[in-house]
Amino acid sequence: MPNSQERVPTTSDEEIIYAESAAVRSEREEAERLERVQHELQRGFSELGEIGPAVCVFGSARLPETSPEYQRAREMGRALGEAGFAVITGGGPGLMEAANRGAQDVGALSVGLNIELPHEQALNPYVDLGIEFHYFFTRKLMFVRYSDALVVFPGGFGTLDELFEVLTLIQTGKAVDHPVILEDSAFWSGLIEWMREFQLAQGMFSDEDLAQAELADGVEDVMERLCAGISATG
């Protein structure tokens, strides 16, 4: 019988994380959770396995079409498509939509890996291949496994989470050395300087670790760094 003090989980991530907690109601058996995880992995592997060279573009879901960042992200999607890459995003609105839209502008494959959220986030209308995920961890695997490089536009917690996930996987040898390009040095330089002043200075990581994230300004600069990085690692 459900405990009246238990809260109904708002997402599948919350349900699986708090499966043994008295605070959140368990709505599935462990076998069902494992089956859903397996299904998401199988679907991702099946549908993304043949997309060819691809670049992930991360960035804020909250910036509108009228923002300069949206226009740059759309230009980025176009440039990546013209260079022969599929464009992978989180499939949502804002800068994700912009990059997907740019890919479609030039006839490149536009991929969106959407995530279930408490406030529903639908796939944007510029996605050719869209996959819906219940779990963040299965979705993150797809970003890293099927991308040759990552371009990170300004964003919030989600963008930072994806950025540091990739940097950690590269640092620890769990992922290949993807080029990681931070677009808009004015936005990112304060974070990089803080990391240099406090974390690097205290030996928490190396110069090489910090250099993994490259600052760039504008689509041309990003593309030069990205292509050079892919050539060096490929």
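Just above, that's the structure.
Sequence order as written defines the numbering, with residues in each chain counted from 1. Local features in this predicted model are restricted to residues whose pLDDT is 70 or higher, and side-chain atom pairs enter the listing and the counts only when it is 80 or higher, whereas totals over whole chains, interfaces and linings include all residues. Just so you know, side-chain values use all the structure's heavy atoms and leave hydrogens and water out.

Each pocket or cavity is described by its volume, and for the largest pocket that value is around 480 Å³. In this structure, the largest pocket is lined by 20 residues; those nearest its centre are A61, M96, Q121, G158 and T159. Secondary structure elements are taken from DSSP: a helix is a run of H or I of four residues or more, a strand is a run of E of two residues or more, and numbering for both begins at the N terminus. Sorting the residues of the lining of the largest pocket by element identifies β1 (54–58), α5 (136–145) and α6 (157–171) as the ones contributing at least two each. If you tally residues by element for the lining of the largest pocket, the top one is α6, at five residues. Counted by class, the lining of the largest pocket contains nine nonpolar, seven polar and four charged residues. A 1.4 Å probe that fits into a set of points on a 1 Å grid over the protein atoms alone but cannot get out defines a cavity; an open set with protein on both sides within 12 Å along at least five of seven lines defines a pocket, and lining residues are those with an atom within 4 Å of a point. Grid points are joined across faces, edges and corners, and a volume is the space filled by probe spheres set on the points. Approximately 280 Å³ is the volume attributed to the second largest pocket. Lining of the second largest pocket is provided by 19 residues; of these, F164, L167, M195, F205 and D209 occupy positions nearest its centre. By residue number, the principal contributor to the lining of the second largest pocket is α6, which donates six residues. For this classification, the nonpolar set comprises Ala, Val, Leu, Ile, Met, Phe, Trp, Tyr, Cys and Pro, the charged set comprises Asp, Glu, Lys and Arg, and every other residue, Gly included, is treated as polar.

This part covers empty space enclosed by the protein. Taking a probe equal in size to a water molecule and rolling it over the atoms shows the remaining empty space. Under the counting rule described, the total for this entry stands at one cavity of 30 Å³ or more. Volume-wise, the largest cavity comes out at about 40 Å³. Lining the largest cavity, in full, are F58, K140, F143, V144, E162, E165 and V166. When residues of the lining of the largest cavity are traced back to their parent elements, those giving at least two are α5 and α6. For the lining of the largest cavity, the class distribution of residues is four nonpolar, no polar and three charged.

Now for the pairing of strand β5 (residues 149–152). Burial along β5 is two-sided: the face carrying A149 and V151 and the face carrying L150 and V152 are both buried. Two strands are said to pair when DSSP picks up at least two bridges between them. With four bridges connecting them, β1 and β5 associate as parallel partners. Considered in β5, the bridge of C56 is made with L150. Relative to strand β6 (residues 180–183), β5 runs parallel, the two being bridged by three bridges. Counted as the bridge partner of V151 is I181 from β6. Call a crossover right-handed when, viewed with both strands pointing away from you, the route from the first strand across the helix to the second goes clockwise. Crossover handedness for the path β5 to α6 to β6: right-handed. Each residue is assigned to one of three classes by its accessible area relative to the maximum for its type, calculated with a 1.4 Å probe on protein chains only: buried under 20%, partly exposed between the two thresholds, exposed over 50%.

Their axes nearest at 10 Å, the elements helix α3 (residues 68–82) and helix α9 (residues 219–233) cross at an angle of 40 degrees. When the interaxial angle is binned, α3 and α9 end up oblique. Handedness of the α3/α9 crossing: right-handed. In contact with R72, E75, M76, A79 and L80 of α3, α9 contributes V219, V222, M223 and L226. Here the residues of the contact of α3 with α9 sort into seven nonpolar, no polar and two charged. Each axis is a line fitted through C-alpha atoms, taken for helices only over the stretch in contact, and angles between the N-to-C directions span 0 to 180 degrees. Oblique is the label for every angle not falling under 35 degrees (roughly parallel), over 145 degrees (roughly antiparallel), or within 65 to 115 degrees (roughly perpendicular). Two helices that cross are described as forming a left-handed crossing if the nearer one is turned anticlockwise from the farther one by less than a right angle, and a right-handed crossing if clockwise. We call two residues in contact whenever any of their non-hydrogen atoms come within 4.5 Å of each other.

Bringing the nonpolar core into the picture now. Nonpolar core, defined: a set of buried Ala, Val, Leu, Ile, Met, Phe, Trp, Tyr and Cys residues in which side-chain atoms within 4.5 Å join the residues together. One finds L48, I88, L113, V180 and L182 to be the most contacted residues of the largest nonpolar core, which totals 33 residues. The residues contacting V180, other than those within four sequence positions of it, are L150, V152, L163, V166, L167, I170, Q212, A213 and E214. By size, the runner-up hydrophobic cluster in this structure holds 24 residues, among which are V87, A99, V219 and M223.

Along an α-helix, residues three or four apart share an orientation, since each turn contains 3.6 residues. Under the convention used throughout, the expected extent of a helix is 1.5 Å for every residue step, that is, one less than its residue count. Taking 1.5 Å of rise per residue, the 15 residues of α3 would be expected to cover 21 Å, and the 21 Å separating its terminal C-alpha atoms lies within 8% of that figure. Next to the buried residues of α3 lie β1, β2 (86–89), α4 (95–105), β5 and α9. Residue G84 follows α3 closely and has a positive phi angle near 95 degrees.

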